[in-house]
Amino acid sequence: MLSVIIPAYNEELSVERAYYTISEILQNAGIVNEIIFVDDGSTDRTYETIKALAEKEKNIHGLHFSRNFGKEAAISAGLASAQGDAVVVIDCDLQHPPEKIVEMYRRWEEGYEIVEGIKAARGKESRLYGFAAKQFYSIISALVGFDMSNASDFKLLDRKVVDILNRIPERKGFFRAISFWVGFRKTTVEFEVRERMEGETKWSAGGLLKYAVSNISAYSTAPMQIVTVLGVMMLIITAIFSVWALVDKIRGIALEGMTTVIIILIFIGSIMMISLGIIGYYVARIYDEIKGRPKYIVSSSCRSGEEVK
Ligand code: UDP
Ligand code: MG
């Protein structure tokens, strides 16, 4: 059986279409499936729509979060409740073409354990966004050691991989990268990103920046090491300046250079503050992880009367 996980946040307009499109494609391909909608604490009627759909149609499993926990959490919840031998994660807005699920499934049948959906072309996005995304992915790619520039959350995972992901306790995982990190036999399937049909994107610029910082720090402590490097650099500069100042003192021509002193003071002050900020960020992450709170809270769930065989 194939489990299809669909994270949905304020997607009341897309839920039905997503279900009918995907289940028809899978049925025609003869793939036994269950469709798991994870409602990420929507404030509209997304969950009601899912529930009504589950009463009417079969093979639907709906989960509802007590609040918005983010797409990563929604994916985790889907993975935890999926029962399939293979699991596919796909966006609710059908920007990931559902026909590709069949292609991914066939590759899985050939023995691949992870089938990555790779963006052949990014959908319409502004230049600035494109540039920022490129920078982010080049950093993440360097950290993870794989080219992730066209990676997406659209992927198929074998049961073995799902079981492993379910056992990773990290609260702030990064689904896109972790599936590279785990290894396994993988292959890729290219797809074109479609335009969103209903509603609008759930991302804001600030949200994306937070997402980028959080994911980079999840894979690297390099920023903390940069602090050390900066410290050493400052020490070397200080040594040079000290010799200079001492020589001036001995020659009796000191007291000049107030400006230099001020600039250096401000410079050191700023570096210290930035450094403390970076360290503070990691401490906060450690604190967050150590509290061991759940990644998400499921407040209600529903299932089609007719259970999957
Ligand atoms: N999503 C979610 N929780 C969130 C934000 C988004 O579950 O906090 C879901 C959303 O419903 C959609 C998918 O994640 O199914 C991708 O979101 P969106 O289309 O807004 O992002 P984009 O395609 O613009 O990257
Ligand atoms: Mg989208």
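Cut-offs and rules
- Residue numbers run consecutively from 1 along every chain, following the written order of its sequence.
- Chain letters and ligand numbers both follow the written order, the letters beginning at A and the numbers at 1.
- Confidence filtering applies because this is a predicted model: local features only for residues at pLDDT of at least 70, side-chain atom pairs given and counted only at 80 or more, and all residues used for totals across whole chains, interfaces and linings.
- Values shown for side chains rest on all heavy atoms present in the structure; no hydrogens or waters enter the calculation.
- Under the scheme used here, helices are H or I runs from DSSP no shorter than 4 residues and strands are E runs no shorter than 2 residues, and both carry numbers assigned from the N terminus.
- We take the radius of gyration over the C-alpha atoms and set the globule estimate at 2.2 Å times the residue count to the 0.38 power.
- Accessibility here uses a 1.4 Å probe with only protein chains present; expressed as a share of the type maximum, an area under 20% marks a residue as buried, one over 50% as exposed, and anything in between as partly exposed.
- Angular values range over 0 to 180 degrees, each being the angle between N-to-C directions of two axes fitted as lines to C-alpha atoms, with helices fitted over their stretch in contact.
- Throughout this description, any angle smaller than 35 degrees is read as roughly parallel, any larger than 145 degrees as roughly antiparallel, any in the 65 to 115 degree range as roughly perpendicular, and the remainder as oblique.
- Crossings are classed by handedness, with left-handed meaning an anticlockwise turn of the near helix from the far one by less than a right angle and right-handed meaning a clockwise turn.
- Contacts are residue-level and defined by heavy atoms, with any inter-residue pair within 4.5 Å sufficient.
- Residues are grouped as follows: nonpolar covers Ala, Val, Leu, Ile, Met, Phe, Trp, Tyr, Cys and Pro; charged covers Asp, Glu, Lys and Arg; every other residue, Gly included, is treated as polar.
- Here a donor is any nitrogen, oxygen or sulfur atom (N, O, S) within 2.8 Å of the metal, with 3.2 Å used for Na, K and Ca; water is not among the atoms considered, so some sites may look incomplete.
- Given the number of residues in a helix, its expected span is that number minus one, multiplied by 1.5 Å.
- DSSP bridges decide pairing: two strands pair if at least two such bridges lie between them.
- Disulfides are defined as pairs of cysteine sulfur atoms found within 2.5 Å of each other.
- When the strands point away from the viewer and the path from the first strand over the helix to the second turns clockwise, the crossover is right-handed.
- Side-chain rings of Phe, Tyr and Trp, where Trp is taken by its six-membered ring, are said to pair if the distance between their centres is within 6.5 Å; with planes under 30 degrees apart they count as stacked, over 60 as edge-to-face, and otherwise as tilted.
- By definition here, charges over rings are those cases where NZ of Lys or CZ of Arg is within 6 Å of the ring centre and within 35 degrees of the ring normal.

Enquirer: Provide a residue-level description of the overall build of the chain, including the pertinent values.
Expert: The helix and strand tally for the chain stands at 10 helices and eight strands. Over its C-alpha atoms the chain spans a radius of gyration of 25 Å, topping by over 25% the 19 Å that the globule rule assigns to 309 residues. If you line up the chain on its principal axes, its C-alpha atoms span 95 × 40 × 35 Å. Looking at the 309 residues of the chain, the share that counts as buried comes to 40%.

Enquirer: Describe the packing of helix 3 (residues 71-81) against helix 6 (residues 159-167), and please don't skip the residues or the numbers.
Expert: Interaxial distance between helix 3 and helix 6 falls to 9 Å at its minimum, and their mutual angle equals 125 degrees. Looking at the two axes, helix 3 sits oblique to helix 6. For the pair helix 3 and helix 6, the crossing hand works out as left-handed. Together, Ser76, Leu79 and Ala80 of helix 3 and Val162, Leu165 and Asn166 of helix 6 make up the contact between the two elements. For the contact of helix 3 with helix 6, the class distribution of residues is four nonpolar, two polar and no charged.

Enquirer: Explain the coordination of the magnesium ion (ligand 2) to me, using residue names and the numbers behind them.
Expert: Asp93 (OD) and Gln95 (OE1) make up the full set of protein donors to the magnesium ion (ligand 2), lying at 1.8 to 1.9 Å. Judged by relative accessible area, aspartate 93 falls into the buried class, the value being 5%.

Enquirer: Could you give me a rundown of helix 9 (residues 222-250), with the residues and numbers involved?
Expert: Given 3.6 residues to a turn, an α-helix orients residues that are three or four positions apart in the same direction. The terminal C-alpha atoms of helix 9 lie 42 Å apart, and with 29 residues this matches the ideal 42 Å at 1.5 Å per residue to within 8%. If you check which residues of helix 9 are buried, you get Val227, Met234 and Asp248. Contacts from the buried residues of helix 9 go to helix 10 (258-290).

Enquirer: An account of the environment of glutamate 170 is needed here, citing residue identities and associated values.
Expert: Considering the arrangement of structural elements, one finds glutamate 170 in the loop between helix 6 and helix 7 (175-181). A relative accessible area of 26% places glutamate 170 in the partly exposed class. Linking glutamate 170 and phenylalanine 241, residues 71 residues apart in sequence, is a C-alpha distance of 46 Å. Beyond its immediate chain neighbours, meaning those up to four positions away, glutamate 170 contacts Ile178, Ala218, Glu289 and Lys295.

Enquirer: With reference to specific residues and values, describe the pairing of strand 4 (residues 86-89).
Expert: Side chains Ala86 and Val88 of strand 4 all project onto a buried face; the interleaved residues Val87 and Val89 project onto the opposite face, where all are buried too. Pairing geometry for strand 1 (residues 2-8) and strand 4, over four bridges, is parallel. Bridge pairing in strand 4 links serine 3 to valine 87. Sheet topology places strand 4 next to strand 6 (residues 151-158); four bridges connect them, and they run antiparallel.

Enquirer: So what's going on with the state of the cysteines? Residues and values would help.
Expert: The final tally for this structure, using the stated rule, is zero disulfides. Unpaired in terms of disulfides, cysteine 302 finds its nearest cysteine sulfur in cysteine 92, a separation of 14 Å. According to the relative accessible area criterion, cysteine 302 is buried, its value standing at 12%.

Enquirer: Please provide a residue-by-residue account of the pairing of strand 3 (residues 60-65), values included.
Expert: Of all six residues in strand 3, six are buried; the element is thus mostly enclosed. The side-chain alternation of strand 3 yields two buried faces, one formed by Ile60, Gly62 and His64 and the other by His61, Leu63 and Phe65. Following the backbone out of strand 2 (residues 33-39), through helix 2 (residues 46-56) and into the adjacent parallel strand 3, one traces a crossover that is right-handed.

Enquirer: Tell me about the packing of aromatic side chains, and please be specific about residues and values.
Expert: Going through the model one piece at a time under the given rule, you end up with seven aromatic pairs. Judged by centre distance (5.1 Å) and plane angle (75 degrees), the rings of tyrosine 19 and tyrosine 20 are edge-to-face. Looking at tyrosine 19, the relative accessible area reads 6%, which means it is buried. For tyrosine 20, a relative accessible area of 31% corresponds to the partly exposed category. With 5.3 Å between their ring centres and 45 degrees between their planes, tyrosine 105 and tryptophan 108 make a pair best called tilted. Of this pair, tyrosine 105 and tryptophan 108 both sit in helix 4 (residues 99-109), three residues apart, which is roughly one turn of the helix. Per residue, the accessibility class of tyrosine 105 equals that of tryptophan 108, and both read buried. Taken together, the aromatic side chains of Phe65, Phe69 and Tyr296 make up a single cluster linked through ring pairs. Between arginine 67 and the ring centre of phenylalanine 69, over which it is positioned, the NZ or CZ distance is 3.9 Å. One cation-aromatic arrangement involves arginine 185 over tyrosine 112; the distance from NZ or CZ to the ring centre is 4.6 Å.

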